[in-house]
Amino acid sequence: MNRGSAALQSLPDRRTVSNLILGTGFGLTGAGVVMLGVLLPALAKRWGLRDDVSGFLFFLQFLGTSLGAVITGANHLRWLMIGYGLLVVSACALAFSSLPVVFPVLFCFGLGLGTVMTATSLVFADRYQGDCAVQLQRLNFAWAVGATTAPMLFLPYLRMTSLSPLFFTFQGLFLALFIWIALRERKETPVFHPSLENVPPENPSPRGSLIPLVMLAVCAVGIEASISGWLTTYSRRADPTHVAGAVLAISLFWFGITFSRFVFSTRLLTIIGSRRVMRLALWCLAASVAMLISAHTPATIRVGAALAGLSLGPVYPLLLSFMLEFTARGWIFAVGGAGAAVFPWFTGLLSAKYGSLRYGLVAPCGAALLMVILVSISLRQTDPSAPAAITHG
């Protein structure tokens, strides 16, 4: 009797430890996603990359990330191990890669990231089937913290003659998580929240009204990936002598996203209204990207980066909540992957064609203006009152 009671009492403790470790790993994937953008100036200088080739690196990584989200199967813990295994191998390979080997290696690295992020989210959804929204909110915050702090943590490695120590650090952390999952993680009985077990049925609204929302989601994730991927390079070219200034710009961008998502996860969203927040955020986003394009000093770039992050932060969670009014199917969490793969590449192509990254940033700026138009169409038939939980992006 005492042993049984002790076992029951220890279960929440084990779950808490497991949640902390898996959440830490999820935050580490945030660092992994932003890694290429932070390292790109150093990699481009080392390998003599043009902007169109650099953009193709982004395309391969985010294509792998999207594919990882698609292929993740029903045995979530097994796929979590597969994902971390891919990250261990590809992080090690990055330490020794050069052109053209880095192309497939970055694809595999993105594949591992996508698999881990999706499998971790599904593990938490299984554990807390009646209250998974709160848990996914916490996961998303951990991801954002990893993405925000990573650029500053990468700074000492950028001052080294080789980036191999950074890749080996990633490898060691991913290996530790792989071992933990292999030895300690077990499938658990889901926890149900009685007040949340009744999920509203799928909205029978016309599917045509969902199309603008999908396009908005693709643009939102694409803008985020394009700005976060190229901002370090853009800032570095404005001030080639200060590496820390370029890293600060991308940190401010991610801090803006994290802060605004935290702010609008409170009752403030209900007070202002989700539609009004969406419209204001998109106008501010278009203006802040235009500010980045016209900036000629590092200080202006940093201000524009912070404003872009603040504006972009609430957009994707709101879009998910709008789409969940039509369907609760999982495919809506993966639609942004197309934008994340294409937009950074298209930004690089424009930069290479016209000889300046300012022209490349026209792509996310144009997408923001397109979103302003689309939102007036899509929000006519949707009126959710709160943002949905998101896993990344």
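Treat the numbers as computed from the prediction; the structure is a model and nothing was measured.

Engineer: I'd like a rundown of a nonpolar patch on the surface, residues and numbers included.
Structural biologist: Taken together, the side chains of F255, F259, V303, L307 and L310 present a nonpolar region at the surface, about 440 Å² in accessible area. For the nonpolar patch, the secondary structure elements donating two or more residues are helix 8 (243-263) and helix 11 (298-312). Counting residues per element, the nonpolar patch draws most heavily on helix 11, at three residues. Residue placement: L310 occurs in helix 11. For L310, a relative accessible area of 35% gives the class partly exposed.

Engineer: Tell me about the confidence of the model for the protein, and name the residues and values.
Structural biologist: Mean pLDDT over the protein: 83, with 82% of residues reaching 70 or higher. Note that pLDDT drops below 50 for residues 1-9; the model gives that stretch one contact with residues more than four away or on any other chain. For residues 192-207, every residue scores under 50 in pLDDT, and the model assigns this stretch 17 contacts once sequence neighbours within four places are set aside.

Engineer: I'd love a proper account of the side chain of T72, names of residues and values included.
Structural biologist: Looking at where T72 falls in the secondary structure, it is placed in the loop between helix 2 (51-71) and helix 3 (76-96). Taking relative accessible area as the criterion, T72 reaches 13% and is therefore assigned buried. Of note is the side chain of T72, whose polar atom sits 2.7 Å from the backbone oxygen of G68. If we ignore the near neighbours within four places in the chain, the residues touching T72 are W79, T115, T118, A119 and L122.

Engineer: Can you tell me about the packing of aromatic side chains, naming the residues and giving the values?
Structural biologist: A full pass over the atoms with the stated rule returns 14 aromatic pairs. Taken together, the ring pairs in this structure connect Y84, F109, F154, F170 and F174 into an aromatic cluster. Looking at K353, its charged tip hangs above the ring of Y354, at a distance of 5.8 Å from the centre.

Engineer: Hey, could you go over the layout of surface pockets for me, with residue numbers and the actual values?
Structural biologist: Of the voids in this model, the second largest pocket is the one considered here, and its volume is about 350 Å³. Considering the residues around the second largest pocket, the lining is formed by 21 residues, among which L40, P41, A42, K45 and R236 are closest to the centre. Listing elements by their share of the lining of the second largest pocket, those giving two or more residues are helix 1 (2-47), helix 2, helix 5 (132-158) and helix 7 (211-238). Tallying contributions element by element places helix 1 first for the lining of the second largest pocket, with seven residues. Residues belonging to the lining of the second largest pocket are distributed by class as follows: twelve nonpolar, four polar and five charged.

Engineer: Any details on the packing of helix 3 against helix 6 (residues 164-184)? Residues and values, ideally.
Structural biologist: At a minimum axis separation of 8 Å, helix 3 and helix 6 run at an interaxial angle of 160°. The angle between helix 3 and helix 6 places the two elements in the roughly antiparallel class. The hand of the helix 3/helix 6 crossing is left-handed. Contacts between helix 3 and helix 6 involve L77, L80, M81, Y84, G85, L87, V88, A91, C92, L94, A95 and F96 on the former and, on the latter, S164, F167, F168, F170, Q171, F174, L175, L177, F178, I181 and A182. Across the contact of helix 3 with helix 6, the residue classes tally to 20 nonpolar, three polar and no charged.

Each value, and the rule that gives it
- Residues numbered from 1 in each chain as written.
- Predicted model: local features only at pLDDT ≥ 70, side-chain atom pairs only at ≥ 80, totals over all residues.
- Heavy atoms only, no water.
- Patch = residues over 30% accessible without salt bridge, like charges linked within 9 Å, V, L, I, M, F, W, Y side chains within 5 Å.
- Areas by Shrake-Rupley, 256 points an atom, 1.4 Å probe, with all protein chains shown as cover.
- Salt bridge = Lys/Arg side-chain N within 4 Å of Asp/Glu carboxyl O.
- Helix = DSSP H or I, 4+ residues; strand = E, 2+ residues; numbered from the N terminus.
- Buried < 20%, exposed > 50% of the residue type's maximum accessible area, 1.4 Å probe, protein only.
- pLDDT = per-residue confidence, 0-100.
- Contact = heavy atoms within 4.5 Å.
- Polar contact = N/O pair within 3.5 Å; in protein donor to acceptor, adjacent residues only side chain to side chain.
- Phe/Tyr/Trp six-rings, centres within 6.5 Å; stacked < 30°, edge-to-face > 60°.
- Lys NZ or Arg CZ within 6 Å of the ring centre and 35° of its normal.
- 1 Å grid on protein atoms, 1.4 Å probe; cavity = no way out; pocket = protein on both sides within 12 Å on 5 of 7 lines; lining within 4 Å.
- Points joined across faces, edges and corners; volume = space filled by probe spheres on them.
- Nonpolar A, V, L, I, M, F, W, Y, C, P; charged D, E, K, R; others polar.
- Axes fitted to C-alpha atoms, helices over the stretch in contact; angles between N-to-C directions.
- Parallel < 35°, antiparallel > 145°, perpendicular 65-115°, else oblique.
- Left-handed = near helix turned anticlockwise from the far one by under 90°.

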